[in-house]
Amino acid sequence: MGTDFFYGKKGSEKVFSIWWFFVLVIVGVSVITGVLIFYSADVDTRSADAVFLFNHLESCLIKEGFLDRAVFDSNYDIFSFCKLNNEVFGEGSDFYFKVNFLNEGLKIRDEIEAGKGSFEKDCETAEAVPAENFPRCFEEEVEFFYYDNYEIKSGKLVVLTASNQKGGKEII
Amino acid sequence: MRNILRDKRGEDIFYPVVIFVLLNLVFFGSMIFFVVKSSSGALVYEQAYAKEIALLIDSSEPLSEVRIDFEKGLEIAKKNEVENIDSLVSVENGRVTVRLDDNGGYYYDYFTDYNVEVNFEENFVVLTIDEKNGD
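Residues numbered from 1 in each chain as written. Chains lettered and ligands numbered in written order. Predicted model: local features only at pLDDT ≥ 70, side-chain atom pairs only at ≥ 80, totals over all residues. Heavy atoms only, no water.

**Considering the overall build of chain B**
Part 1: Looking only at helices and strands, chain B features four helices and six strands.
Part 2: In chain B, the order of α-helices and β-strands from amino to carboxyl end is α-α-α-β-α-β-β-β-β-β.
Part 3: When contacts within chain B are restricted to residue pairs at least 6 apart in sequence, those whose partners lie at least 24 apart make up 56%. (Helix = DSSP H or I, 4+ residues; strand = E, 2+ residues; numbered from the N terminus. Contact = heavy atoms within 4.5 Å.)

Here it is, written out as structure tokens:
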């Protein structure tokens, strides 16, 4: 056997070049995969969506600290009153909102909600555990005044908004 | 004369090294080309512009005018030979769609029910936001 078995072989450079190409292929595939993952990643704006929806509802319902009187009308339509697109909140919606009108814990009118109803429960779940595919939610309470039989009373608006919209690529 | 070209002692180490260096240059050049092409591609900017425009519409009040710097978008569209500038950005029925090439665009919905007009002024997209007629 001896040392001649291992040393003085003329074919060593050709064997190593095959190994080098193999390494190049691995490096190339890794670079391409990494770049594709990076540049196809989404910028997540769902939280911003939820906050903007809250701001829109709040500024529509409360004017100068007072709850708009139209809210108490029996045929009050929040979509036309607050300039919301009811098609976007229809079937298969990626949005949700729920507005409660309270005075010391009691409702002063029926709550208003629209969008995907399951988001309310999903928001509770998303608070407890990290959930990438669950909606991003925003909830806040805002105090307001309102008239009740010519008497000024104070109330609280509790608004929950949610968005699970990720956008998408048009298919031609 | 033959001896000038043949039977040189450096032959065995010259050609493999040259080929090795050339292949490396081709390989790394391809990688750099791919990375640069990906980073300046349409998809990234389509997504960014669509989301920016939709969020701006949702956070605006009626009778607003919003100007967005669209220079990079125009550059990409020109590179992709998109001729009709008016088709780059469409805002209708609650959806913003930005198309910077001919492979379809990127869309993002907005929740307000405003009337939005889209115009181009030099390198800017100008959005004019107003309430719908009859409101």
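**A short note on the pairing of strand E5 (residues 115-121) of chain B**
Residues and elements named next belong to chain B.
Part 1: Sheet topology places E5 next to strand E6 (residues 124-130); seven bridges connect them, and they run antiparallel. Paired with Asn115 across the strands is Asp130, a residue of E6.
Part 2: Taken together, E5 and the strand that follows it, E6, pair antiparallel across an intervening segment of two residues, in which Glu122 is found at a positive phi of about 55 degrees. (Pairing = 2+ DSSP bridges.)

**As for the sheet that holds strand E1 (residues 64-69) of chain B**
Residue and element names in this part refer to chain B.
Part 1: The antiparallel open sheet is built from three strands, whose spatial order is E1-E6-E5. Every other strand in the sheet has two partners, leaving E1 and E5 as the edge strands with one partner each. Each strand axis lies, on average, 20 degrees off the axis of its neighbour in the sheet, ignoring direction.
Part 2: Taken strand by strand, helix H3 (residues 42-58) contacts E1, E5 and E6, and its axis lies near 160 degrees from that of E1. (Axes fitted to C-alpha atoms, helices over the stretch in contact; angles between N-to-C directions.)

**Some points on the pairing of strand E4 (residues 106-115) of chain A**
Residues and elements named next belong to chain A.
Part 1: Across seven bridges, strand E3 (residues 95-103) lies against E4 in antiparallel orientation. Each bridged residue has a counterpart across the sheet, and for Phe101 the counterpart in E4 is Arg109.
Part 2: Connecting the antiparallel pair E3 and E4 is a turn made up of two residues, with Glu104 showing a positive phi of about 55 degrees.

**Quick notes on the packing of aromatic side chains**
Part 1: Considering all chains together, one arrives at 15 aromatic pairs over all chains under this definition.
Part 2: When the centroid spacing of 5.3 Å and the interplanar angle of 85 degrees are considered together, the rings of Phe89 of chain A and Phe97 of chain A count as edge-to-face.
Part 3: Here Phe97 of chain A falls in the buried class, since its relative accessible area comes to 0%.
Part 4: Sitting over the ring of Phe124 of chain B, Arg67 of chain B keeps its end group 4.9 Å from the ring centre.
Part 5: For Arg95 of chain B, the ring lying beneath its charged end belongs to Tyr107 of chain B, and the centroid distance is 3.9 Å. (Phe/Tyr/Trp six-rings, centres within 6.5 Å; stacked < 30°, edge-to-face > 60°. Buried < 20%, exposed > 50% of the residue type's maximum accessible area, 1.4 Å probe, protein only. Lys NZ or Arg CZ within 6 Å of the ring centre and 35° of its normal.)

**Observations concerning the interface of chain B and chain A**
Part 1: In this complex, chain B contributes 38 residues to the contact, which on the side of chain A involves 34 residues.
Part 2: The interface formed by chain B and chain A includes two salt bridges.
Part 3: If one sorts the elements of the side of chain B that touches chain A by residue count, helix H2 (residues 11-39) of chain B sits on top with nine residues.
Part 4: By the bridge criterion, two bridges tie strand E7 (residues 168-169) of chain A to strand E4 (residues 106-109) of chain B in an arrangement that is antiparallel. (Salt bridge = Lys/Arg side-chain N within 4 Å of Asp/Glu carboxyl O.)

**Some words on the nonpolar core**
Part 1: In terms of nonpolar packing, the biggest core is built from 28 residues, with Leu61, Phe89, Phe97 and Leu157 of chain A touching the most fellow members.
Part 2: Only helix H2 (46-61), helix H3 (78-81), E3, E4, strand E5 (136-148) and strand E6 (151-163) of chain A provide two or more residues apiece to this core.
Part 3: The element that contributes the greatest number of residues to this core is H2 of chain A, accounting for five residues.
Part 4: Sequence-distant contacts of Phe89 of chain A, that is, excluding residues within four places in its chain, are made with Leu53, Phe79, Leu84, Phe95, Tyr96, Phe97, Ala114 and Gly115 of chain A together with Phe111 of chain B.
Part 5: By size, the runner-up hydrophobic cluster in this structure holds 27 residues, among which are Ala42, Ala50, Val116 and Ile129 of chain B. (Core = buried A, V, L, I, M, F, W, Y, C linked by side-chain atoms within 4.5 Å.)

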